[in-house]
Number of protein chains: 2
Amino acid sequence: MKPGERIRADIEGRIRSGEWKPGDRIPFEHELVRSYGCSRATVSKALEMLARAGLIERRRKAGSFVAHPRVHSAVLEVPDLAKVVAERGLAYRWQRLKREVQDGNVVVTGLHHAGDEPYCIEQREISLAAVPEAEAETFADEAPGTWLLKRVPWSEARHRISAVMPTAAEARLLGIPRTACLRIERWTWRGGDPVTSVSQLFPGDRHDLVADFAPGA
Amino acid sequence: MKPGERIRADIEGRIRSGEWKPGDRIPFEHELVRSYGCSRATVSKALEMLARAGLIERRRKAGSFVAHPRVHSAVLEVPDLAKVVAERGLAYRWQRLKREVQDGNVVVTGLHHAGDEPYCIEQREISLAAVPEAEAETFADEAPGTWLLKRVPWSEARHRISAVMPTAAEARLLGIPRTACLRIERWTWRGGDPVTSVSQLFPGDRHDLVADFAPGA
DNA sequence: CAGTGGTCTAGACCACGCA
DNA sequence: GCGTGGTCTAGACCACTGG
């Protein structure tokens, strides 16, 4: 095992095992340099990785300390619907219901189907200022999310997840009684300018979100 | 500005602006060493930070490339309920409803209140194998989540978020009609051994989850 | 098999923050 | 002040992998 990796694994193990508890100071860099017989850059890099992973906090003059666990944070994956449906072994289909232009946005409404059943109602706005090519696009055959993925580079996003009752019209579209639905809203910007926003509505019994959290992994 | 930071900001800017698109190769390390007039370690560290942030991918022999954006991932914060309630300017209160021991687990059911209204039903199991001190704890005055935070070191967790209809009994406890609720379930392990699991049920109109995503931030 | 990134050494100066 | 981590230089060897 490489020296840096060994140092990192050693310390991480002592933290995860509980041998070193939140708040404890871990050895100074120069002490680790001596005990592991390697250069300071190597030790420093190992500690930096642990700090990035959130396992330790580093303070000048004071040293490095085992961090107190964050209350709870997790990486939430909001995957491509076509992929989710395919992984369940069902046929995926996009059905556009409406497309119009309003206030400089293309507004598209449609249904994602899994097998023969409706799976999600999507309402999306795309800013023509940010994505002028959207003007010429019908979104009849391809969901706007999939289309956008190919064109839009890196961006920032905010998600909001809530539980709502569907309106009568929404329940009819989804082919379900008026029962709890999961709503995922997402707003996307690039450089502060809005790119797109989307609201997706899922029958509560057919969709959920899973988020894993393994610090340092 | 420090050299490493400048290199990083430069490249990040070109990616975020769209000047360098997903799939584009960025200059080799040795080219950046020449053009910025600094050491390879500095360049390497800057690129490594960008790689960790997910903005670039590095491949031996081939070079470093602007990454294709992940479909959607976001950091979901699942904060302490007492804190959430306090931030809304409401009084927080925990009310234990039941505590029993079953199959080596302490099972606690209770209500989180915001102001004078019920805010969340919590059902929790705590493994006595992982947390033996829980045996002596009544959880009458302190919610088990808060209590655990102080005692349990680093752990892994999985979250599941779904929309459900409350049972009649749940609706009565929450003081709401039978309308959509958000359910958050969380399973926690340490070193592969289960520590605790919890199911929280919120009235859909009183709680939602927000997750931000700014790659590299 | 040549060139890339991955990792390492052995030094150095600096900025911060506690005393 | 002074010791800590933060950052940097100028080298070096190695492992992987694409051409």
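Conventions and cut-offs
Residues numbered from 1 in each chain as written. Chains lettered and ligands numbered in written order. Predicted model: local features only at pLDDT ≥ 70, side-chain atom pairs only at ≥ 80, totals over all residues. Heavy atoms only, no water. Contact = heavy atoms within 4.5 Å. Buried area = accessible area lost by both parts, 1.4 Å probe. Salt bridge = Lys/Arg side-chain N within 4 Å of Asp/Glu carboxyl O. Polar contact = N/O pair within 3.5 Å; in protein donor to acceptor, adjacent residues only side chain to side chain. Helix = DSSP H or I, 4+ residues; strand = E, 2+ residues; numbered from the N terminus. Nonpolar A, V, L, I, M, F, W, Y, C, P; charged D, E, K, R; others polar. Near = heavy atom within 4 Å. UniProt positions renumbered as here; feature names shortened; annotations may be inferred. Phe/Tyr/Trp six-rings, centres within 6.5 Å; stacked < 30°, edge-to-face > 60°. Buried < 20%, exposed > 50% of the residue type's maximum accessible area, 1.4 Å probe, protein only. Lys NZ or Arg CZ within 6 Å of the ring centre and 35° of its normal.

Taking an unreviewed UniProt entry as the reference, chain A is identified by name as UTRA domain-containing protein belonging to Sphingosinicella xenopeptidilytica.

Trainee: Before we move on, can you summarise the interface of chain B and chain A with the specific residues and values?
Mentor: The interface is formed by 57 residues belonging to chain B together with 57 residues belonging to chain A. Across the chain B/chain A interface, buried area totals approximately 4,900 Å², and carbon plus sulfur atoms make up 58% of it. A salt bridge links Glu 48 of chain B to Lys 45 of chain A; the shortest N-O distance between them is 3.3 Å. Taken together, the links from chain B to chain A amount to ten residue pairs in polar contact (both at pLDDT 80 or more). Mapped onto the side of chain B that touches chain A, the elements with two or more residues apiece are helix 1 (3-16), helix 3 (40-52), strand 4 (73-77), strand 8 (156-164), strand 9 (181-190) and strand 11 (209-213) of chain B. In terms of residue count, strand 8 of chain B provides more of the side of chain B that touches chain A than any other element does, nine residues in total. Its residues placed into classes, the side of chain B that touches chain A shows 31 nonpolar, twelve polar and 14 charged.

Trainee: Mind laying out the protein's contact with DNA strand C, listing which residues take part and the relevant values?
Mentor: Lining the immediate surroundings of DNA strand C are 21 residues, of which Gly 4, Ser 39 and Thr 42 of chain A together with Arg 40 and Arg 58 of chain B lie closest. Backbone atoms, meaning sugar and phosphate, make up 63% of the atoms of DNA strand C lying within 4 Å of the protein. A distance of 2.7 Å separates a phosphate oxygen of DNA strand C from a polar atom in the backbone of Gly 4 of chain A. Contact between DNA strand C and Thr 42 of chain A: a phosphate oxygen at 2.4 Å from a side-chain N or O atom of the residue. Those elements that place two or more of their residues in the surface near DNA strand C are helix 1 (3-16) and helix 3 (40-52) of chain A together with helix 2 (29-36), helix 3, strand 2 (56-59) and strand 3 (63-66) of chain B. Residue contributions to the surface near DNA strand C peak at three residues, all from helix 3 of chain A.

Trainee: Explain the UniProt feature "domain: HTH gntR-type" (unreviewed entry) in chain A to me, using residue names and the numbers behind them.
Mentor: In this numbering, the UniProt entry assigns the feature "domain: HTH gntR-type" (unreviewed entry) to residues 1-69 of chain A. In residues 1-69 of chain A, helix accounts for 51% and strand for 14%; the two terminal C-alpha atoms are 28 Å from one another.

Trainee: An account of the protein's contact with DNA strand D is requested, with residue identities and associated values reported.
Mentor: Not every one of the 22 residues close to DNA strand D is listed here, only the nearest: Arg 40 and Arg 58 of chain A together with Gly 4, Ser 39 and Thr 42 of chain B. For DNA strand D, the backbone makes up 63% of the atoms found within 4 Å of the protein, where backbone means sugar plus phosphate. In the model, a phosphate oxygen of DNA strand D is placed 2.4 Å from a nitrogen or oxygen of the Thr 42 of chain B side chain. Counting only elements with at least two residues in the surface near DNA strand D, the list comes to helix 2 (29-36), helix 3, strand 2 (56-59) and strand 3 (63-66) of chain A together with helix 1 and helix 3 of chain B. Ranked by the residues each element gives to the surface near DNA strand D, the list is headed by helix 3 of chain B, at four residues. Here the residues of the surface near DNA strand D are counted per class, giving four nonpolar, seven polar and eleven charged.

Trainee: Tell me about the packing of aromatic side chains, residues and numbers included.
Mentor: Counted under the stated rule, the structure contains four aromatic pairs over all chains. Ring centres of Phe 139 of chain A and Trp 147 of chain A lie 5.2 Å apart, and the angle between their planes is 85°; this geometry places the pair in the edge-to-face category. Exposure remark for Phe 139 of chain A: the relative accessible area of 0% places this residue in the buried category. For Trp 147 of chain A, a relative accessible area of 2% puts it in the buried group. Positioned over the ring face of Phe 28 of chain B is Arg 25 of chain B, at 4.0 Å from the centre of the ring. When the ring centre of Phe 65 of chain B is taken as reference, the NZ or CZ atom of Arg 59 of chain B above it lies at 4.4 Å.

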